[in-house]
Amino acid sequence: MIRSIKNLLIKSFDNFLALRHFLKLYFFKSPMQENLSLKFLFKTLQAKFVFIKKRKANILYKVNSKEFIKDGFTIFSNKIIELNCQKVLESIRLLDSPWDSENNFIYGAPSDVFKREFISIFNNGIDLFIKNTFKSDYYIFYHKIYKSERHNNSKKPEGSELWHADGGPGCCMNLMICHTPINKSNGSMKIIPWGRSMFLLTKLFLDFKRLTRSFNHIEKDNRIMLREKKCAVLKNYINSKKIFYFQPESSRPGTIFAFRNNCVHAGGYTEIGCERIVSVMHIYPTNKITTLEEKFRNSHIKKSGYPY
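Residues numbered from 1 in each chain as written. Predicted model: local features only at pLDDT ≥ 70, side-chain atom pairs only at ≥ 80, totals over all residues. Heavy atoms only, no water.

> Looking at this model, I keep getting lost on the overall build of the protein. Mind explaining?
Secondary structure assignment for the protein yields 10 helices and 7 strands. Taken over C-alpha atoms, the radius of gyration comes to 21 Å for the protein, in line with the 19 Å a tight globule of 308 residues would show. Seen through its C-alpha atoms, the protein measures out along the principal axes to roughly 70 × 55 × 35 Å. Counting only residues that meet the buried cut, the protein has 46% of its 308 residues in that class. Accessible surface for the protein amounts to roughly 16,900 Å². Of this, 56% is attributable to carbon and sulfur atoms. Placing the 51 positive and 26 negative side-chain charges of the protein at their respective mean positions leaves the two points 9 Å apart. (Helix = DSSP H or I, 4+ residues; strand = E, 2+ residues; numbered from the N terminus. Rg over C-alpha atoms; globule rule 2.2 N^0.38 Å. Buried < 20%, exposed > 50% of the residue type's maximum accessible area, 1.4 Å probe, protein only. Areas by Shrake-Rupley, 256 points an atom, 1.4 Å probe, with all protein chains shown as cover. Lys, Arg positive; Asp, Glu negative; His and termini not counted. Charge placed at Lys NZ, Arg CZ, Asp CG, Glu CD.)

Structure, rendered in structure tokens:
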């Protein structure tokens, strides 16, 4: 009798925590603690207020902004973006051993090395899209270029190649600039729309909390093992329920893939002999109005997990 009551109380408390988790995702687009999410929300509202006088009616990229707000992601491109992405790719090909052991670009900060190309890319679509979406100005928190490739069958998906959500602030926009063409073979990123992601992440939160109760203290302290198990549970949900995901494909360089960092996503796992080279940026609203030249004056090197 006592055990049954105890189990009922534990189950009720778990359900309460799961509801709280869902409400955080719903209101803040993030699983972070409420005090942190409120801090980022205040900064976002402040940025929108400052930008009111600067806003101009513009229908360009309005559809993409609506897609991003509703589904948590969108893609677009144009000839100028394609041309500049091709220039970046050709310049990388001319460099001697441009990748470190983890396939990150090593020749300085990308925003310094390819500043002219990235300013042109932003000036021909991205800048307007972000401002239309945020309804504020923005800044680039960090930017890196990396390569995805696989040389043998022994390499299994790991890290960002597994199904996951980043868990960062809900106001963050992940911006992927694809310098190579993208397709299933070279690891084009897969993403699940925001509405479905919220329910998946809530179910994951509840089931994983119950699962880890059986772990010993050593297992609970092993963050890498816990992350792998969590990703495996998420993958099982997606596969068993045949949950829809979007995976873009383009035969040309220059696809812009903007997505909410807490949408469930996975990417980078290529077929043998294929490669994918992309820029990834984290973009945040700001109350500081700047030109593109000023935005790219900084190196955009990642120095911490989150801004502010």
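> Before we go on, may I ask you to explain the environment of Lys-24 in this structure?
Relative to the helices and strands, Lys-24 resides in helix H1 (residues 2–28). Its relative accessible area of 7% is what places Lys-24 among the buried residues. Taking C-alpha positions, Lys-24 is 23 Å from Lys-229, a pair spaced 205 residues apart along the chain. Not counting the four nearest positions on each side in its chain, Lys-24 is found in contact with Lys-29, Ser-30, Pro-31, Met-32 and Glu-34. (Contact = heavy atoms within 4.5 Å.)

> I'm lost on the packing of helix H4 (residues 79–94) against helix H6 (residues 115–134) in this one. Help?
When two helices pack together, their arrangement is given by the angle between the helix axes and by the axis-to-axis distance. Axis separation between H4 and H6 bottoms out at 9 Å; the angle between their running directions is 165 degrees. As judged from the angle between their axes, H4 and H6 are roughly antiparallel. Handedness of the crossing formed by H4 with H6: left-handed. Here Ile-80, Ile-81, Asn-84, Cys-85, Lys-87 and Val-88 of H4 come into contact with H6, specifically with Glu-117, Ser-120, Ile-121 and Asn-124. Across the contact of H4 with H6, the residue classes tally to 5 nonpolar, 3 polar and 2 charged. (Axes fitted to C-alpha atoms, helices over the stretch in contact; angles between N-to-C directions. Parallel < 35°, antiparallel > 145°, perpendicular 65-115°, else oblique. Left-handed = near helix turned anticlockwise from the far one by under 90°. Nonpolar A, V, L, I, M, F, W, Y, C, P; charged D, E, K, R; others polar.)

> Sorry if this is basic, but what is going on with unusual backbone geometry here?
Of note, Lys-242 is a non-glycine position whose phi angle comes to about 50 degrees, a positive value. Under the relative-accessibility criterion, Lys-242 is labelled exposed at 73%. For His-300, which is not glycine, the phi dihedral falls at a positive 65 degrees.

> Would you explain the nonpolar core in this entry?
One broad rule of soluble globular proteins: the nonpolar side chains tend to lie buried together. With 32 residues, the main nonpolar core has Phe-122, Leu-175 and Ile-177 as its most contacted residues. Secondary-structure elements contributing two or more residues to this core are H4, H6, strand S2 (137–149), strand S3 (173–178), strand S5 (255–260) and strand S7 (275–286). In terms of residue count, the dominant contributor to this core is H6 (8 residues). The residues contacting Phe-122, other than those within four sequence positions of it, are Asp-127, Ile-130, Tyr-138, Ile-140, Leu-175, Ile-177, Met-281, Leu-292 and Phe-296. One finds Ile-191, Tyr-237, Ala-266 and Val-280 within the second-largest nonpolar core, a separate group that totals 27 residues. (Core = buried A, V, L, I, M, F, W, Y, C linked by side-chain atoms within 4.5 Å.)

> What is the right way to look at the sheet that holds S7 in this model?
What holds strands together in a sheet is hydrogen bonding between their backbones, with the strands either parallel or antiparallel. The 5 strands lie next to each other as S1-S5-S3-S7-S2, forming an open sheet whose pairing is antiparallel. At either margin of the open sheet sits one strand with a lone partner, and together these are strand S1 (73–76) and S2. Sheet twist, expressed as the average angle between the axes of neighbouring strands with direction ignored, equals 20 degrees. Relative to S5, S1 runs antiparallel, the two being bridged by 4 bridges. Directly across from Phe-76, in S5, lies its bridge partner Ile-256. H4 rests against S1, S2, S3, S5 and S7 of the sheet, and its axis sits at about 120 degrees to S7. (Pairing = 2+ DSSP bridges.)

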